[in-house]
Amino acid sequence: MELINGGICAAKGFTAGGIHCGIRKNKTKRDLALIFSEKKASAAAVYTTNLVKGAPLAVTKMHLMDGKAQAVICNSGNANTCNADGIEVAQKMAELTAEELGINKEDIVVASTGVIGQPLDITPIKEGLPALKNALGDNNSAEAAEGIMTTDTVKKEVAVSFEIGGVTCKIGGIAKGSGMIHPNMATMLVFITSDVAIAPEMLQKALSSDIQNTFNMVSVDGDTSTNDMVCVLANGMAGNKEITEEGEAFDTFMKALNTVTVHLCRMIAGDGEGATKLLECRVTGASDEKIAKTVAKSVICSSLTKAAMFGADANWGRVLCAIGYSGADVDVTKVDVSFESAKGTIPVCKDGSGIEFSEEKAKEILLEKEIIINVGLNSGEASSTAWGCDLTYEYVKINGDYRT
């Protein structure tokens, strides 16, 4: 397994592009992205659990009923959610994209992200599609990644190379996500491409399994988005024997997929709105995985813990508090807590009680950009990891005038 460049264009047969078409007022920011596969691909997706869902999700679900797709069209700046003509606009996006690419509209994945409750004018998309098609290239993952960004401050892309049955295969992805990020799929937009040959049902199985320990373990602000999804396209152009059942080849694909998704999870959490630090909570010694996940999520979602990390305050009591109200069956008299970063590790709690530690050393550790909160439950062998970010003044500023 090797990290490589290329993002969503790393896999054979995939091109991408991104342009500014006029949805966003800032002409320096791309607001329309396209991903295209030379051949029709196996497709799988998971969607937000929010009862309020964006119109593009409904259209994409219909299009993926046959487990196939060939392109992804996504705009930023407007979520196309809670609009009377939302479905019509999303369908029109697919139709126009299909016409431009010369493929069937049912093979188009449609996505939108941005402000909720404002009508999406199809005109700039229609007028921009010819330029977007011309912008397609096999080295343009970054342009597509920029086209799906909203309040993100950095582009998020990654790719890996690996072998299945002696055949070199690749998988890559781009993501957007900075606010409205909270567990329960999906909480962001993630597009993943691969040249692996894999049956649609096995691709869906791989994705549905992977998200339980990756994207469902990310939280920035506790708000579950209305629009977002994770979608994977695999076009088979690597030439491996098609994966149609579980086994060594499927396990290798799962490992590669997980490598990509974990990298994207960390990027999303670290780029939370207003964030200055990436937080990672590692829970070990749980009696079962469900308890480990529940505890890890609770700690990473705790506003008080997030605020303490922003201030580099080793307030371990807030971690213990989050464990206590998590609902997990935990013996708090066995809980150990330590903080870790590139500057070292410092234990702050043993068997549910405070221990002496150097506040100066703790401050030094917590001033780093990436912080690990280690929680030892000492009650079993199960473990889990969750990702989040600190809570800053800037988060309130960004969301105080997000719409205006």
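Residues numbered from 1 in each chain as written. Predicted model: local features only at pLDDT ≥ 70, side-chain atom pairs only at ≥ 80, totals over all residues. Heavy atoms only, no water.

Draft legend 1. Spotlight on the sheet that holds strand β11 (residues 336-341). Spatially, β13-β12-β11-β14-β10-β15 is the arrangement adopted by the six strands of the open sheet, whose pairing is mixed. Of all strands in the sheet, those with a lone pairing partner are β13 (353-354) and β15 (382-389), marking the two edges. Here strand β10 (residues 278-286) runs beside strand β14 (residues 370-376); their pairing, made up of seven bridges, is parallel. By the bridge assignment for β14, Val283 is matched with Val375. Set on the sheet, helix α7 (residues 289-301) makes contact with β10, β14 and β15; between it and β15 the angle comes to about 20 degrees. Sitting on the sheet, helix α9 (residues 316-324) touches β11, β12 (344-350), β13 and β14, and the angle it makes with β11 is about 125 degrees. (Pairing = 2+ DSSP bridges. Helix = DSSP H or I, 4+ residues; strand = E, 2+ residues; numbered from the N terminus. Contact = heavy atoms within 4.5 Å. Axes fitted to C-alpha atoms, helices over the stretch in contact; angles between N-to-C directions.)

Draft legend 2. Layout of helix α3 (residues 123-134). When α3 is considered as a whole, its buried residues turn out to be Pro124, Ile125, Gly128, Leu129 and Leu132. When α3 is viewed along its axis, its buried side chains cluster within an angular range of 140 degrees and face the same direction. In α3, the exposed positions angled more than 90 degrees off the buried face are occupied by Lys126, Glu127 and Asn134. On its buried side, α3 packs onto β2 (14-19), β3 (32-47), β4 (68-78) and α2 (86-101). (Buried < 20%, exposed > 50% of the residue type's maximum accessible area, 1.4 Å probe, protein only. Arc of directions from axis to C-beta.)

Draft legend 3. Molecular detail of a negative patch on the surface. Together, Asp288, Glu289, Asp329 and Asp331 give the surface a local cluster of negative charge. When you line up the elements, Glu289 lands in helix α7. (Patch = residues over 30% accessible without salt bridge, like charges linked within 9 Å, V, L, I, M, F, W, Y side chains within 5 Å. Areas by Shrake-Rupley, 256 points an atom, 1.4 Å probe, with all protein chains shown as cover. Salt bridge = Lys/Arg side-chain N within 4 Å of Asp/Glu carboxyl O. Lys, Arg positive; Asp, Glu negative; His and termini not counted. Charge placed at Lys NZ, Arg CZ, Asp CG, Glu CD.)

Draft legend 4. A look at the pattern of salt bridges. Following the criterion strictly, the structure yields 10 salt bridges and no others. For the salt bridge of Lys105 with Glu95, the shortest nitrogen-to-oxygen distance reads 3.8 Å. With Lys105 in the loop between α2 and β5 (108-115) and Glu95 in helix α2, this residue pair connects regions lying 10 residues apart in the sequence. Overall, the relative accessible area of 37% leaves Lys105 in the partly exposed class. Among the salt bridges present, the one from Lys361 reaches Glu364, with a minimum N-O distance of 3.9 Å. Here Lys361 pairs with Glu364, and both are found in helix α10 (residues 359-366), just three residues apart, close to one helical turn. Here Lys361 falls in the partly exposed class, since its relative accessible area comes to 30%. Sharing partners across several salt bridges, the network here consists of Arg266, Glu280, Arg282 and Glu370.

Draft legend 5. Structural detail: the pairing of β4. Of all 11 residues in β4, nine are buried; the element is thus mostly enclosed. As paired strands, β3 and β4 are joined by seven bridges and run antiparallel to one another. Paired with Ala33 across the two strands is Cys74, which belongs to β4.

Draft legend 6. Up close: the packing of α7 against α9. Contact geometry for α7 and α9: axes closest at 8 Å, N-to-C directions at 130 degrees. As the angle between them shows, α7 and α9 are arranged oblique. Considering the relative orientation of α7 and α9, their crossing is right-handed. Residues Val295, Ser298 and Val299 of α7 form the contact with α9, whose own contacting residues are Val319, Ala322 and Ile323. (Parallel < 35°, antiparallel > 145°, perpendicular 65-115°, else oblique. Left-handed = near helix turned anticlockwise from the far one by under 90°.)

Draft legend 7. Layout of the packing of aromatic side chains. Taken as a whole and judged by the stated rule, the model has one aromatic pair. For the ring pair Phe310 and Tyr393, a centre distance of 5.3 Å and an interplane angle of 90 degrees mean the geometry is edge-to-face. Here Phe310 is found in helix α8 (residues 303-310), whereas its partner Tyr393 is found in helix α11 (residues 393-400), with 83 residues between them in sequence. Looking at Phe310, the relative accessible area reads 27%, which means it is partly exposed. Given a relative accessible area of 69%, Tyr393 falls into the exposed group. Of note, Lys61 hangs over the ring of Tyr47, and the distance from its end group to the ring centre comes to 5.0 Å. (Phe/Tyr/Trp six-rings, centres within 6.5 Å; stacked < 30°, edge-to-face > 60°. Lys NZ or Arg CZ within 6 Å of the ring centre and 35° of its normal.)

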